[in-house]
Amino acid sequence: MLDTELFRIPQRFIEPGSYPDEISRLLPALKQAAEEARENQRVVTEKVGEQYGGIFQAHALMIEDPGLRQEIEALIRDQGFTAEYAVSRVMRRRAKALESLNHAYLSARAADIFDLERRILRHLLGKRQEHLQKLKQPVILLAHDLTPSETAELDREHILAFATEVGGKTSHTAIMAGVLEIPAVVGLGRFITDVSGGDQVIVDGNKGLLILNPDVDTLAHYEEARRSFVRFEKGLAELRDLPAVTKDGVEIALLGNIEFPEEAEACLERGASGVGLYRTEFLYLGKREDPSEEEHFEAYSRVVTQMAGKPVVIRTLDLGADKFSSVTDPNNAEKNPFLGVRSIRLCLRNLKLFKTQMRAILRASALGDVRIMFPMISTLLELRQSKMILADVMEDLEDEGIAFNRKLPIGTMIEVPSAAIMADQLAREVDFFSLGTNDLIQYTLAADRNNENVASLYNAADPAVLRLIERVVKAAEQAHVAVNVCGEMSGEPIYTMLLVGMGLRQLSATPHNIPEIKKLIRSITVEEAKQVARQVMRMETARNITNYLREQTRRILPEAL
Ligand code: PEP
Ligand code: MG
C-alpha cells in the first residue's frame, strides 16, 4: 500500500509479547503528529485567519482523541499488528465510515483522515520509511494515483503489479505500465479505504479487476489462469521470426512504440519491423533542464544503430498536458492543459528547443532509416511552419558540413479531429500519417483520457472515432501516403481485424503486444477482415461494436481475450 508520499506501510505482524514496544513507538508518534497539527493551526491562523486554522485544530483534536488511541492499541495488543499497520487499519476504517454516509461534505472529510494517517505514519516510520526504490521483496502497489514519471521509475523487479483509483487506460501511466510490462489496472474508483498493507490482492490486468482478499477458489482459478497465460506467451515467442502476413498473403507491418532507447531491444526481441513511434519527451524524465543536442543525438543514434536499417519514426517533443508539464511553465499553469500549449504548439513557441531536437534527429538520419513526425498538428499552417523550421535547420547543417538525409521522410500524427477532417489537405504535404487514437478519442468525444469518470465515453469503438479513421485512411490512399496507427488501439487484439479490414497495413504498438497481434493477423484473411469492418461501420453504438468485435476475435483466437 502506497500513500501519496510514496512510502510503504510495512510488515503487518510483531513478535509475540513485544506489544509494549510497539505501543511505546505509537504514543510519541501520536503526540508529535498532534503537535504538528497544532503548529499548523498557529501558523495558518496567523496568516489567513482563524476559520482556516480551525481545520488543523480539528486534526489535532482527532489525533488526541483517547478513543482513537485505544482502538489502535487494541489492534496491536490483540491482533499482534505493527503500530503502522494498526494505525492504517483504524484510520481507513474511520475514513470508510465517513465515506459510506453518502454525504458530500462528510465524504470529503475522509481525505482529512488520510492526511492524518500520513502524518502519524511519517512520525512512526521516521528514518525507517521504505521508499519504493529500495524494495527487497516483491509487492503489489496500490495507490490513489501515479504520475507517468513515478511509474517510469518503478522498480520492475519488485513491483509485481499495480492498481490506482484514478486514471484512464490510455493515460501515459497505463502506457508506461505496458512498457515496463507490469500488470496494472488504473481508474478503479475508490478502493484504498478497503485495503491495508499486507492484505492479499489479485490484479487482473486483462479484465481490469482488483480482487481484495480472494477466497481459496478464486486464488486457485487465478493461479491456473496465470500458468496458462505464461504458456500462451511462451507460444507467442516462437512467432518472432515469422512474418505478419494474413492467410491470403497480405503483409502488415508491425512496429514498436518506444519511450527509451533501451526499448529498441524489446522491439527486436518481439519481432517488430521497426520503431513506429519514438516518444522523445521521455528524455525529460527526471530532468530539470532541457536535454542538450548531444543528449538527444546520443539517444537517437543508439536506437537507429540498434535497429540496423529498420525504420525509426522519431516524434518531435510532445511535452505538456500530463507529460512532464513541470518543464513547460510552472508559473503559468493552464486550466485546460490538454487544450493548451502542448506538443507542437509548445515547440513552435520555443524554436531553440525545437531546432535543437531537429538537429539531433537530422544528424541521426545519417546513420539509418530515420523519419521525423510532428505530434498534435491541428491545422495545415502548423504543419507548414514545422516543415519550414525543419528546412531551416537542414540549411544550417549543410552550411556546417554536417551529414544528414536530405530526403528524410516527414510525417504527421493525426490525433486531433481537425487534422482527421482535413486529412486530404494534410496528405498532400507529408510522406506519412500516424493515427494517434489515444488523443483522437479524447478530443473527438470530449472525454479526458486520464479521467476514469468518463471512461465509458472514452472508447476506440465509438462510431465517431471510426468514421474519422475511415476518412483518414481514404485520404491517405488517394494521396498514396502511408498510414499507421500508433495509439493503444493498435495493440488491442479486438481491433486488429477491424483495422486491417479498414485498410490499415501498418500498426505500431507497445513491443510486448506485437506477438499477439501477429498471431491474429496470421489467423485471418483480408476478405473476412473487410467483412467485419463493413459490419462495424453500419453499427450505431460503441457497445454493439465492442460486443461484435469481441465475438469475432474470440472466434479466431480465444486466448487473446
Ligand atoms: C496518441 O495520442 O495516440 C499517441 C500515440 O500519442 P501519446 O499517447 O503519446 O499522446
Ligand atoms: Mg497523442
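**So, the site of ligand 1**
Close to ligand 1 lie 17 residues; Arg-279, Arg-315, Lys-323, Asn-438 and Arg-449 are nearest. His-172 is positioned such that a nitrogen or oxygen atom in its side chain is 3.1 Å from an oxygen atom of ligand 1. The side chain of Arg-315 places a nitrogen or oxygen atom 2.8 Å from an oxygen atom of ligand 1. Calculation on ligand 1 without its partners gives an accessible area of 290 Å², and the protein chains cover 100% of this total. Residue assignment for the shell around ligand 1 shows that the elements contributing at least two residues are helix 7 (172-180), strand 7 (275-279) and helix 16 (437-445). Looking at the shell around ligand 1 element by element, the count peaks at three residues for helix 16.

**Side note on the side chain of Arg-359**
One can find Arg-359 in helix 12 (residues 351-364). Within polar-contact distance, the side chain of Arg-359 engages the side chain of Glu-400 at 2.8 Å. Among residues more than four places away in sequence, those in contact with Arg-359 are Glu-293, Val-393, Asp-396, Leu-397, Glu-400 and Ile-402.

**Remarks on the pairing of strand 9 (residues 370-374)**
Along strand 9, four of the five residues are buried, which leaves the element largely enclosed by surrounding structure. Judged from the three bridges that link them, strand 9 and strand 10 (residues 410-414) form a sheet pairing that is parallel. Bridge pairing in strand 10 places Ile-372 opposite Ile-410. Handedness of the crossover joining strand 9 and strand 10 through helix 13 (residues 380-400) is recorded here as right-handed.

Rules behind the numbers
- Residues numbered from 1 in each chain as written.
- Chains lettered and ligands numbered in written order.
- Predicted model: local features only at pLDDT ≥ 70, side-chain atom pairs only at ≥ 80, totals over all residues.
- Heavy atoms only, no water.
- Near = heavy atom within 4 Å.
- Polar contact = N/O pair within 3.5 Å; in protein donor to acceptor, adjacent residues only side chain to side chain.
- Areas by Shrake-Rupley, 256 points an atom, 1.4 Å probe, with all protein chains shown as cover.
- Helix = DSSP H or I, 4+ residues; strand = E, 2+ residues; numbered from the N terminus.
- Contact = heavy atoms within 4.5 Å.
- Buried < 20%, exposed > 50% of the residue type's maximum accessible area, 1.4 Å probe, protein only.
- Pairing = 2+ DSSP bridges.
- Right-handed = clockwise from strand over helix to strand, strands pointing away.

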